[in-house]
Amino acid sequence: MLYQRSSALFKDAENVIPGGVNSPVRAFKAVGGTPIFAKSAKGAYVYDEDDNRYIDYINSWGPMLLGHAYEPVVKAVIEKAKNGTSFGMPTEIETKIAELAVSMVSNIDKIRFVNSGTEACMSAVRLARGYTGKDKIIKFAGCYHGHSDAFLIQAGSGAVTFGSPNSPGVTSGTAKDTLLAIYNNIDNVKTLIEANKNEIACIIIEPVAGNMGCIPPKAVFLQQLRDLCDEHEILLVFDEVMTGFRLAKGGAQELYAIDADIVCFGKVIGGGLPVGAFAARNEIMNHLAPLGNVYQAGTLSGNPLAMAAGLAMLTAINNDKDLFKRLDEKTEYLHKGCAAALNKHNITHTINRKGSMISIHFSEEQVVDFESAAKGNNDTFKAFFHGMLNEGIYIAPSAFETWFITDALTYEDLDETISAVEKVAQTL
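Residues numbered from 1 in each chain as written. Predicted model: local features only at pLDDT ≥ 70, side-chain atom pairs only at ≥ 80, totals over all residues. Heavy atoms only, no water.

Student: Outline the pairing of strand β8 (residues 178–181), listing residues and values.
Tutor: Burial along β8 is two-sided: the residues Thr 178 and Leu 180 and Leu 179 and Ala 181 are all buried. With four bridges connecting them, strand β5 (residues 136–140) and β8 associate as parallel partners. The partner of Phe 140 across the bridge, within β8, is Ala 181. (Buried < 20%, exposed > 50% of the residue type's maximum accessible area, 1.4 Å probe, protein only. Helix = DSSP H or I, 4+ residues; strand = E, 2+ residues; numbered from the N terminus. Pairing = 2+ DSSP bridges.)

Printed below as a string of structure tokens:
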């Protein structure tokens, strides 16, 4: 494929935008080469500035559950925009989407809308600290909760060592309150809790990890976390920015029958517009200003265009009783096809899947946490990525990102993808 216009646009962007992008993974640094610039998208396809068509498995990193330019969402945004784009005042549509979200998700009474998943997770942790009166949090290596300071922490030298910042600009004072645990390792979590008794406000986790590739939790891991939190009066925070309204109407809470204390949303809840949210029971949410003394605010929070898009999306999901069955079946079909294609050419790999999230790891062992994810062959992934791109298949430009399946994908699209995997596998 030709990428002449994308290459020229990237050079222009580098002059005025750091790295030429407004989010680092878009720069293709992990895979090499020049990023493609999107011009339009419809259904399961995205088109670049050179008029190349791709079957899209990024789907704006998750929001496009029903496909790009989904007509009810587009119509809702257009109609709402005719009445104004922002007021800085309450609007009726905020209540409507809040009522719908609360009705779809278990164990929440109130929801606060913000502008991104980062903001949702940052606010949830502040609320947890304000509610419990404790300062420390536990997060898991490889789980990404946005770029708030408290979350940009890498491992220390031992199980009970305080985290150290892995981005300049994050202070050691912030880092000392973040404890790093190993995903899917309950004994490691117990060790951290015992070493920091009565100091931990919350444990925050992606219930199905998507930022080290797709990594589902082990069979009882989430229940074990729930039990530990109950025992030690720690709040359990589910970061469902990826999984919320994607894995089930009620997200991972519904899928695994585990109630979190605070749930964070993003991606799907905004229908493709910048929306995040966090939600909990009344006793927790009532600590937020203006009811309580935990402050959180945002000029564009509850923006009417974003609320219109989100309401149209959630309404469509709520009314489609077969949606998640279709998504599961399509993802399983893709899984089996990709595995067969790679096995045919003896390519070492393992595939993780949960609902409409899937990833291929070029690894000899099962991928269950960040350490095992990092053992994958990155050179093989780079070659695979560019091979797939040249075949018109757009997957995440990083071995540490999940693929997102959209209902707009047809079985013909899946077969085309599987054929591309087999063709590329011959070159690896």
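Student: I'd like to hear about the confidence of the model for the chain, residue by residue, with values.
Tutor: Summing up the model confidence of the chain, the mean pLDDT is 94 and the portion of residues at 70 or higher is 97%. Counting interchain partners and residues more than four positions distant, the pLDDT-below-50 stretch residues 155–163 has 19 contacts. (pLDDT = per-residue confidence, 0-100. Contact = heavy atoms within 4.5 Å.)

Student: How would you explain the packing of helix α11 (residues 323–344) against helix α14 (residues 411–425) if you had to name every residue and give the values?
Tutor: Across the interface, α11 lies against α14 with an axial gap of 8 Å and an inter-helix angle of 20°. By the angle class used here, α11 and α14 are roughly parallel. As α11 runs across α14, the sense of the crossing is right-handed. On α14, the residues that touch Glu 329, Lys 330, Tyr 333, Leu 334, Gly 337, Cys 338, Ala 341, Leu 342 and Lys 344 of α11 are Tyr 411, Leu 414, Asp 415, Thr 417, Ile 418, Val 421, Glu 422 and Ala 425. Of the residues in the contact of α11 with α14, the class split is 10 nonpolar, two polar and five charged. (Axes fitted to C-alpha atoms, helices over the stretch in contact; angles between N-to-C directions. Parallel < 35°, antiparallel > 145°, perpendicular 65-115°, else oblique. Left-handed = near helix turned anticlockwise from the far one by under 90°. Nonpolar A, V, L, I, M, F, W, Y, C, P; charged D, E, K, R; others polar.)

Student: How would you explain the pattern of salt bridges if you had to name every residue and give the values?
Tutor: Summed over the entire model, instances satisfying the criterion amount to 22 salt bridges. Residues Asp 177 and Lys 176 are paired through a salt bridge, measuring 3.3 Å at the closest nitrogen-oxygen approach. We classify Lys 176 as partly exposed; its relative accessible area is 42%. Two residues, Lys 423 and Glu 391, come together in a salt bridge whose shortest N-O distance is 3.2 Å. Of this pair, Lys 423 sits in helix α14 while Glu 391 sits in the loop between α13 (378–390) and β15 (393–394); the two residues are 32 residues apart in sequence, bridging distant segments of the chain. (Salt bridge = Lys/Arg side-chain N within 4 Å of Asp/Glu carboxyl O.)

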